[in-house]
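# Survey of secondary and tertiary structure
Here's the letter readout for the chains.
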Amino acid sequence: TTAVSTVPGTDWASVSLVSGRKVDSKAPTDPRASELDAMQTETGQGPCLDALREQQTVHVTDFAAEERWPRFTEAAVGLGVGSLLSFQLFTDGDNLGALNLFADHPRAFDDESDTIGQVFAAHAAIALSAARQEQNLRRAIDKRDLIGQAKGILMERHRLTAVQAFAVLVRTSSHTNRKLFDLAE
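The structure contained in this document is the topic of the report that follows. (Residues numbered from 1 in each chain as written. Predicted model: local features only at pLDDT ≥ 70, side-chain atom pairs only at ≥ 80, totals over all residues. Heavy atoms only, no water.)

### A word on the environment of Ala13
With respect to the helices, strands and loops of the structure, Ala13 is situated in strand β1 (residues 12-19). Along the chain, Ala13 and Leu85 lie 72 residues apart, while their C-alpha atoms are 9.5 Å from each other. Filtering out sequence-adjacent residues up to four positions away, Ala13 remains in contact with Val4, Ala27, Pro28, Thr29, Asn100, Leu101 and Phe102. (Helix = DSSP H or I, 4+ residues; strand = E, 2+ residues; numbered from the N terminus. Contact = heavy atoms within 4.5 Å.)

Structure representation (structure tokens):
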């Protein structure tokens, strides 16, 4: 919502994350953003996808005259979108998604909008990257704890040392072709 009130010309905004071929809206300030991301998933085309693939900012001055993404453009015009800025969210080699700024009328964005939008995109990318790292750390801790519990069960039931119990888990994981975490679970 801060981007909407700060970037000149912006009426609504969203962050689009791409997972495989699916585009998901996160924190949309208007429900139309989710509809447009669903359209990008369905058609495999659109400004967010271009921003992600080409590592650039995509600027649509007037959707009524846009020709790059015919099906997406038709949907955008139908939803009342006039113009758009889409910024790639990028940190340390990770392509995380796109920050999308929408306007209900054409020619809403200028050079100042682009500059301020890039600042927001940089901050959003850093925040998103930190959130993902925290999520990955939490998963790793949860997995480690579960493996530790499995070791404890083996130690108690079979009177093994911690090293021996872990070796049993690793050996069983290898022989059954299952991940150590799945086996521990």
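The rest of the description comes next.
### What about the side chain of Asp62?
For Asp62, the location among the structural elements is in the loop between β3 (57-60) and α4 (70-78). Among the polar contacts made by the side chain of Asp62, one reaches the main-chain amide nitrogen of Ala64 at a distance of 3.0 Å. Ignoring anything within four residues of it in the chain, the contact list for Asp62 reads Gly82, Pro106 and Arg107. (Polar contact = N/O pair within 3.5 Å; in protein donor to acceptor, adjacent residues only side chain to side chain.)

### As for the packing of aromatic side chains
Considering all chains together, one arrives at 3 aromatic pairs under this definition. Ring geometry for Phe63 versus Phe72: centroids 6.1 Å apart, planes at 55°, classification tilted. Relative accessible area serves as the criterion here: at 1%, Phe72 is assigned to the buried category. An aromatic cluster is present here, built from Phe63, Trp69 and Phe72 joined pairwise through their rings. The cationic tip of Lys143 hangs over the ring face of Phe181; the distance from NZ or CZ to the ring centre is 5.3 Å. (Phe/Tyr/Trp six-rings, centres within 6.5 Å; stacked < 30°, edge-to-face > 60°. Buried < 20%, exposed > 50% of the residue type's maximum accessible area, 1.4 Å probe, protein only. Lys NZ or Arg CZ within 6 Å of the ring centre and 35° of its normal.)

### Brief notes about unusual backbone geometry
Even without being glycine, Arg107 reaches a positive phi, approximately 55°. Here Asn177, not a glycine, exhibits a phi torsion of approximately 55°, which is positive. The exposed category is assigned to Asn177, whose relative accessible area is 71%.

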